[in-house]
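Topology and contacts: notes
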Amino acid sequence: MKDEKILKAKDIVKEATSITVLTGAGISAESGVPTFRGKDGLWKNFRPEDLATPQAFARNPKLVWEWYEWRRKLVKEARPNPGHLALVKLEEEKPKFTLITQNVDGLHKMAGNKNIVELHGNLWQIRCTRCGSVEEDFNVPLEKIPPECKKCGGIGRPNVVWFGEIIPMSIIERAIKSIKECQVMLIVGTSGVVEPAASLGLLAKQTGKVVIEVNLEPTLNSTLYDLTILGKSGEVLPLIVY
Ligand code: OAD
Ligand code: ZN
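For every chain, the first residue of its written sequence is number 1, and the numbers climb from 1 along that sequence. Chains carry letters from A onward and ligands carry numbers from 1 onward, assigned in written order. pLDDT decides what is reported in this predicted model: residues at 70 or higher carry local features, side-chain atom pairs at 80 or more are listed and counted, and totals for whole chains, interfaces and linings draw on all residues regardless. Neither water nor hydrogens contribute to the side-chain values; these are computed over all heavy atoms in the structure.

1. Quick word on the overall build of the protein chain
The way it works is that DSSP assigns letters per residue, a run of H or I at least four long becomes a helix, a run of E at least two long becomes a strand, and they are numbered from the N terminus. From N to C terminus, the protein chain includes 11 helices and 9 strands. For 242 residues, the compact-globule formula gives about 18 Å, and the C-alpha radius of gyration of the protein chain, at 18 Å, lands near that figure. Taken along the three principal axes of its C-alpha coordinates, the protein chain extends 55 × 35 × 30 Å. Relative accessible area decides the class of each residue, using a 1.4 Å probe on protein chains only: under 20% of the type maximum gives buried, over 50% gives exposed, and in between gives partly exposed. Each of the 242 residues in the protein chain was classed as buried or not, and the buried ones make up 51%. Any two residues having at least one pair of non-hydrogen atoms within 4.5 Å are treated as being in contact. In the protein chain, the proportion of contacts linking residues at least 24 apart, taken out of those at least 6 apart, comes to 68%. Throughout, the Shrake-Rupley method with a 1.4 Å probe supplies accessible areas, and for residues the shown protein chains are the sole cover considered. As displayed, the protein chain offers around 12,000 Å² of accessible surface, 55% of which is attributable to carbon and sulfur atoms. Residues counted as positive are Lys and Arg, residues counted as negative are Asp and Glu, and His and the chain ends are not counted. Just so you know, the charge point we use is NZ for Lys, CZ for Arg, CG for Asp and CD for Glu. Across the protein chain, the centroid of the 33 positively charged side chains sits 2 Å from that of the 29 negatively charged ones. For this measure, only C-alpha atoms enter the radius of gyration; the expected value for a globule follows 2.2 Å times N^0.38, where N is the number of residues.

Structure follows, in structure tokens:
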């Protein structure tokens, strides 16, 4: 699989001292975590408006929690794959490195990356809908759903960003800053249809960065980027990084 594009990407990445990476569900696919779109994607079998909106939670918190419990179970059995691990090596090597992820599975953290911006939150965190406090809880199943806040007794919700919700400004700002300050941006395993993540590659191009995309298939944004490498991230990223 060592084609010319991979060698070119390898050179670009090797020269760079400051790299920002954006990942989506595709990077965890080889760990057995389902993606959202595509033929076996979660949104083929479930309707986001029933499960991933504040309205759905207000209507039926138990149903929403049952879906999250199912996803937490899937992810609990998953382990980081060679794609995740290649990004750990990259962080170790580069003076400046930021990993922006849309994934809520926590696999980048488990793999060992440190400077992570979780755009859509984290499946292992529970946020109190009354007092706002956030607790990590890795138990599957949880003692009780919906879980109760240990501090105030309020109802807990997954600390993720649902459709119709806004990503906290401080998180967006960290992502944007890292893109403005990087030399090279890698975009891995995302269909690029959900904002604001979808526009981050555009921002990189507008600010003169080299953008390399790794995906199983071309995306809507591929033509904007400098290089698109088609293949599995668990195979392509190690070839670029090691
Ligand atoms: P998608 O499911 O939309 O896209 C996954 C992308 O990964 C597709 O472009 C696939 O071609 C690609 N892919 C699949 N397997 C791959 C592999 N082994 N190697 C490389 N690429 C692979 O997932 P996201 O783009 O992450 O948001 O979706 C963005 C957001 O939409 C999610 O964070 C979630 C969802 O609704 C919320 O829940 C708010
Ligand atoms: Zn509380």
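2. Thoughts on the pattern of salt bridges
Put simply, a salt bridge is a Lys or Arg side-chain nitrogen that is within 4 Å of an Asp or Glu carboxyl oxygen. One pass over the full model with this rule turns up 14 salt bridges. Glu135 is paired through a salt bridge with Lys150; the nearest N and O atoms lie 3.9 Å apart. You can see Glu135 sitting in strand E5 (residues 134–136) and its partner Lys150 sitting in the loop between E5 and strand E6 (156–160), a full 15 residues away along the chain. The class for Glu135 is partly exposed, based on a relative accessible area of 29%. Taking relative accessible area as the criterion, Lys150 reaches 67% and is therefore assigned exposed. A salt bridge links Arg157 to Glu165, with the shortest nitrogen-to-oxygen separation between them at 2.8 Å.

3. Digging into the coordination of the zinc ion (ligand 2)
The coordination sphere of the zinc ion (ligand 2), as far as protein atoms go, consists of Cys128 (SG), Cys131 (SG), Cys149 (SG) and Cys152 (SG), spread over 2.3 to 2.4 Å. Coordination at the zinc ion (ligand 2) is tetrahedral: its 4 donor atoms span angles of 99 to 116 degrees at the metal. Using a relative accessible area of 12% as the deciding quantity, one classes Cys149 as buried. Because no water is among the atoms considered, metal sites can look incomplete, with donors defined as N, O and S atoms within 2.8 Å of the metal, or 3.2 Å for Na, K and Ca. Angle rules define the geometry names used: all angles between 85 and 135 degrees makes four donors tetrahedral, while opposite donors over 155 degrees apart and all other angles between 65 and 115 make four donors square planar and six octahedral, leaving every other case irregular.

4. Some details on the site of ligand 1
We call a residue near a given molecule or strand whenever any one of its heavy atoms falls within 4 Å of it. In the neighbourhood of ligand 1, 23 residues make up the surrounding shell, with Phe36, Arg37, Thr190, Ser191 and Asn215 lying closest. Any pair of N or O atoms that falls within 3.5 Å is considered a polar contact. Within protein, one atom must be able to donate a hydrogen and the other to accept it, and sequence-neighbouring residues count only if both atoms are side-chain atoms. Within the side chain of Thr190, one N or O atom sits 2.7 Å away from an oxygen atom of ligand 1. Against a free-state accessible area of 800 Å², the protein chains account for coverage of 92% of ligand 1. Residue polarity follows a fixed list, in which Ala, Val, Leu, Ile, Met, Phe, Trp, Tyr, Cys and Pro are nonpolar, Asp, Glu, Lys and Arg are charged, and the others, Gly among them, are polar. Looking at side-chain class alone, the shell around ligand 1 contains 8 nonpolar, 11 polar and 4 charged residues. When residues of the shell around ligand 1 are sorted by domain, at least three fall in each of domain 1 (4–33 + 80–120 + 167–241) and domain 2 (34–77 + 122–160). What marks off one domain from the next here is an automatic or database domain assignment.

5. Some points on the sheet that holds strand E8 (residues 210–215)
Think of it this way: DSSP has to see at least two bridges between two strands before they count as a pair. Taken in spatial order, the 6 strands of this open sheet run E3-E2-E1-E7-E8-E9, and their pairing is parallel. Since the sheet does not close on itself, it has two edges, and those belong to strand E3 (116–118) and strand E9 (227–230), each with one partner. Within the sheet, the average angular offset between the axes of one strand and its neighbour, ignoring direction, is 15 degrees. Fitting a line to C-alpha atoms yields each axis, with helices limited to the stretch in contact; the angle taken between N-to-C directions then spans 0 to 180 degrees.

6. Observations regarding empty space enclosed by the protein
Grid points spaced at 1 Å and placed over the protein atoms alone form the basis of the search, with a cavity being a set where a 1.4 Å probe fits but cannot get out and a pocket an open set showing protein on both sides within 12 Å along at least five of seven lines. Lining residues have an atom within 4 Å of a point. Grid points are joined across faces, edges and corners, and a volume is the space filled by probe spheres set on the points. By the definition in use, this model includes 2 cavities of 30 Å³ or more. Along its surface, the largest cavity is lined by 13 residues, and Val33, Pro34, Phe36, Arg71 and Asp105 are the ones closest to its centre. Broken down by element, the residue count for the lining of the largest cavity peaks at 3 residues, all from helix H6 (residues 61–76). Residues belonging to the lining of the largest cavity are distributed by class as follows: 9 nonpolar, 2 polar and 2 charged. Per-domain counts for the lining of the largest cavity show at least three residues from each of domain 1 (4–33 + 80–120 + 167–241) and domain 2 (34–77 + 122–160).

7. Side note on the domain arrangement of the protein chain
Considered domain by domain, the protein chain is made up of domain 1 (4–33 + 80–120 + 167–241) and domain 2 (34–77 + 122–160). Taken together, the contacts link 14 residues of domain 1 with 12 residues of domain 2. Among the residues of domain 1 in contact with domain 2, Ala25, Val33 and Val104 are the three that bury the most area, contributing 44% of the side total. Counting the contacts that link domain 1 with domain 2 gives 1 salt bridge. When two parts are brought into contact, each loses some accessible area as probed by a 1.4 Å sphere; the total of that loss over both is the buried area.

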